[in-house]
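Reading the structure
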Amino acid sequence: MPIMLLSLGLVALLLIGGTAGASLPNVQAAGPLLTATVDGSPFRGTGARDRVTLRLVTGTEAMLTVKVVDYDGRPVRTLVDRQTVQPGPATLNWDGRNAKGRLVPDGPYRFRSSATTPTGSMTLESWLTKAPGVPYPPMPGAIVVAINPGHGGSDTGARVSGTRESDLNLDISLRLQRMLQAAGISVVMTRTRDMDVNRPALDRTGDGRVNHTDELVLRNDIASIARADLMLNVHNNATACRCGQGTQMFVNSERPWGAASLRLGKAIQSAHIRRLRAFQSRAWKVRDRGIGSGPYISLDPATASAPRSALMPAILGESLYLDPAVELARLRDPKVRTAIAAAYFDGVTDWLAQRVYGVRYTDIVAPQNVTAGGGASVRLRIRDTGHKTAASWRLEGRLVPRVPVLDGSGAIGRLVGSVAIPDGLEPGDALDLELPITLPTTAGDWLLKLDVVLPSGVRLSAKGVVQPQLVITTTRPSPSPEPTPTPSPEPTPSPTPEPTPSPEPTPSPTPEPTPSPTPEPTPSPTPSPTP
């Protein structure tokens, strides 16, 4: 049983899926019963799908009892009564008939298998669905249905003669959940018990206040984050005048996928009228009130006060009124509540059979931090969940500024990547893709929206196929560090050699000058006197 735990603030929700053509297997690790698995659910009880099969594996010799019980635990038929079985596999079939051989009504049922040994006993329960149609035969487990049981917790909805609308809505939703899961469909529930979903009470809309709008927006968020194929808001009606009666579905046909919502509403309304006629009497006839419109936060586009709407085809169902005693009596009857759940199941099955285009995005691996202006890639798996084979389809990635939780504005965003989807992808089949993207040169926080675009330019998000919205942060590149100059090594100074002192020159002795002899003056001759 594939189980995914989604976290939304402080709210956790469980997404439980099945596989094609089988309900959820019950597995026991040890004990006399090892496994109990159902094949062939949903089944009709007539025609080609006339039976459902239970496959058991016992680990030891044991005394085995297998019964079919309805949703409320009432016995329908005993298939094996205290029979000794040997270790190994065992196979049992049920044809949808009770102990008197009569075909039982459509709805959720259980195989209750009990094994007793000398050392103790154990019981496994395996759910199955009896219904005329198979929702999305190519791959039921690829479909996600969001169920929102209206009201709950502090909000009881209508209250008449001690009966609370919120309790009726939850009971019908849980029956429907079991039917869808046992048909292999994945289901996300906004609540599975009597509770406020917005717990603890938080401001989910960003307006600085906490009120009932936060509760309703959070329920939309749960469906959108699960990327549900459709959303069912399950309600019952009442009027202040205590004079209402009948069955009605509400849709918003003004959304881009309004035509798909209208088809869903008509399919579920038609199934309600058909199934409720089985409970008519002289005192009461089912009244077909047709298709209505809001305003309802669960159906309408995003507004300033409710910034996130449901991003897929959605309806709000008002199955019956609590006002007249005759309709209240019907709602108090578990058989009628099962019939209402079966009507929702029929409508979903019919709508999926008519839907042309559908895609499921899974196994997404994407970067969370990328340098502004840089490149990255997103890897993911795409499964065709419609009835058209892919031909010239493209996968695009577009950025919008990040907002809390999800962008509900419908903004297309800035193209940052595109890749061709190989032709020939058949309904129910899947392939892996890698989408190269180039991020903007500015730093910031973004939502990367992925969308399949048809050759006509139509985006599947405009048909109510919920886009993955991935948070990516672009950061400025770190500045290149100033190169630290490599200091030139201080040259090792060559030591200046101590000058070798010149030796004191030995003074050459000044030679005693040889005195030039003063010449004897030659005496001038004395002149002879003239005689």
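Because the structure is a prediction, the values reported are computed rather than measured.

**A short note on empty space enclosed by the protein**
The final tally for this structure, using the stated rule, is two cavities of 30 Å³ or more. Within this model, the largest cavity holds a volume of roughly 60 Å³. Lining the largest cavity are R227, A228, D229, R355, V359, R360, Y361, G464, V465 and V466. Across the lining of the largest cavity, the residue classes tally to five nonpolar, one polar and four charged. Put simply, the second largest cavity is a space of about 50 Å³. In terms of lining, the second largest cavity is formed by V251, N252, R255, W257, S261, S298, L299, A310, M312 and A314. Broken down by class, the residue content of the lining of the second largest cavity amounts to six nonpolar, three polar and one charged.

**Looking at the nonpolar core**
Within the largest apolar cluster, 47 residues are counted, with the highest numbers of intra-cluster contacts made by V145, L180, L232 and Y344. Looking at this core, the elements that each hand over two or more residues are β11 (144-149), α1 (165-182), β14 (186-189), β15 (230-237), α3 (258-276), β18 (314-321), α4 (325-331) and α5 (334-354). Per-element tally for this core: the top contributor is α5, with nine residues. In contact with L180, other than residues within four places in its own chain, are V145, I147, I185, V187, F345 and V348. In this structure, Y361, L395, L433 and L450 belong to the second largest nonpolar core, which totals 29 residues.

**Regarding the packing of aromatic side chains**
Inspection of every chain in the model, using the stated rule, returns five aromatic pairs. Pairwise contacts between aromatic rings join F43, W94 and Y109 into one cluster.

**With respect to unusual backbone geometry**
Leaving glycine out, the prevailing phi sign among residues is negative, and the prevailing peptide bond configuration is trans. Of note, the amide linkage connecting S41 to P42 takes the cis form, showing an omega dihedral of 5 degrees. In this fold, P42 is placed in the loop between β4 (33-39) and β5 (52-58). With phi around 65 degrees, H151 is a residue other than glycine that occupies positive phi space. You can see H151 is positioned in the loop between β11 and β12 (159-160). If you check the backbone angles, V405 has positive phi at about 65 degrees while not being a glycine. Within the secondary structure, V405 sits in the loop between β22 (394-401) and β23 (414-420).

**With respect to the sheet that holds strand β9 (residues 107-117)**
Taking strand neighbours across the sheet as the criterion, the four strands line up as β7-β6-β9-β10 in an open arrangement whose pairing is antiparallel. Only two strands of the sheet have a single neighbouring strand rather than two, namely β7 (75-85) and β10 (120-130). Neighbour-to-neighbour, the strand axes of the sheet open up by a mean angle of 15 degrees, direction not taken into account. Examined bridge by bridge, strand β6 (residues 62-70) and β7 share seven bridges and lie antiparallel to one another. The residue of β7 that forms the bridge with M63 is T84.

**A word on the side chain of T117**
Along the chain, T117 falls in strand β9. Classification of T117 as buried rests on a relative accessible area of 14%. Dropping the residues within four chain positions of it, T117 is found in contact with P32, T60, E61 and A62.

**Some words on the pattern of salt bridges**
Overall, the coordinates contain 27 salt bridges when judged by the stated rule. When the shortest N-O distance is used, the salt bridge between D39 and R55 registers 2.5 Å. With D39 in strand β4 and R55 in strand β5, this pair connects stretches of sequence that are 16 residues apart. Residue classification places D39 among the partly exposed residues on the basis of a relative accessible area of 25%. The salt bridge partner of K130 is D106, with a shortest N-O separation of 2.9 Å. Highlighted residues: K130 in strand β10 and D106 in the loop between β8 (88-94) and β9, separated in sequence by 24 residues. K130 sits in the buried class, given a relative accessible area of 3%. Residue D106 is classed as buried on the basis of its relative accessible area of 16%.

**A closer look at the packing of α3 against α5**
Here α3 crosses α5 at 140 degrees, and the two axes come no closer than 8 Å. You can see that α3 and α5 cross each other, and the crossing is right-handed. On α5, the residues that touch A260, R263, L264, A267, I268, A271, H272, R274, R275 and L276 of α3 are V336, A339, I340, A342, A343, Y344, D346, G347, V348, D350, W351 and Q354. Residue composition of the contact of α3 with α5, grouped by class: 14 nonpolar, three polar and five charged.

**Some remarks on the packing of α1 against α5**
Direction vectors running N to C along α1 and α5 enclose 55 degrees, while the axes themselves pass 9 Å from each other. For the element pair α1 / α5, the angle class is oblique. The two elements α1 and α5 meet at a crossing, and its hand is right-handed. Between α1, through L168, D171, I172, R175, L176, M179 and L180, and α5, the contact on the second element is made entirely by P334, R337, T338, I340, A341, A342, Y344, F345 and V348. The residue inventory of the contact of α1 with α5, partitioned by class, reads 12 nonpolar, one polar and three charged.

**Things to note about the pairing of β15**
Within β15, eight of the eight residues are buried, which leaves the element mostly enclosed by the surrounding structure. The two faces of β15 match: L230, L232, V234 and N236 on one face and M231, N233, H235 and N237 on the other face are all buried. Here β11 pairs with β15 via five bridges, running parallel. Paired with I147 across the strands is L232, a residue of β15. Pairing of β15 with β18 involves six bridges; the strand directions are parallel. Its bridge partner lying in β18, M231 is registered against A314.

What counts and how
- Residues numbered from 1 in each chain as written.
- Predicted model: local features only at pLDDT ≥ 70, side-chain atom pairs only at ≥ 80, totals over all residues.
- Heavy atoms only, no water.
- 1 Å grid on protein atoms, 1.4 Å probe; cavity = no way out; pocket = protein on both sides within 12 Å on 5 of 7 lines; lining within 4 Å.
- Points joined across faces, edges and corners; volume = space filled by probe spheres on them.
- Nonpolar A, V, L, I, M, F, W, Y, C, P; charged D, E, K, R; others polar.
- Core = buried A, V, L, I, M, F, W, Y, C linked by side-chain atoms within 4.5 Å.
- Buried < 20%, exposed > 50% of the residue type's maximum accessible area, 1.4 Å probe, protein only.
- Helix = DSSP H or I, 4+ residues; strand = E, 2+ residues; numbered from the N terminus.
- Contact = heavy atoms within 4.5 Å.
- Phe/Tyr/Trp six-rings, centres within 6.5 Å; stacked < 30°, edge-to-face > 60°.
- Pairing = 2+ DSSP bridges.
- Axes fitted to C-alpha atoms, helices over the stretch in contact; angles between N-to-C directions.
- Salt bridge = Lys/Arg side-chain N within 4 Å of Asp/Glu carboxyl O.
- Left-handed = near helix turned anticlockwise from the far one by under 90°.
- Parallel < 35°, antiparallel > 145°, perpendicular 65-115°, else oblique.

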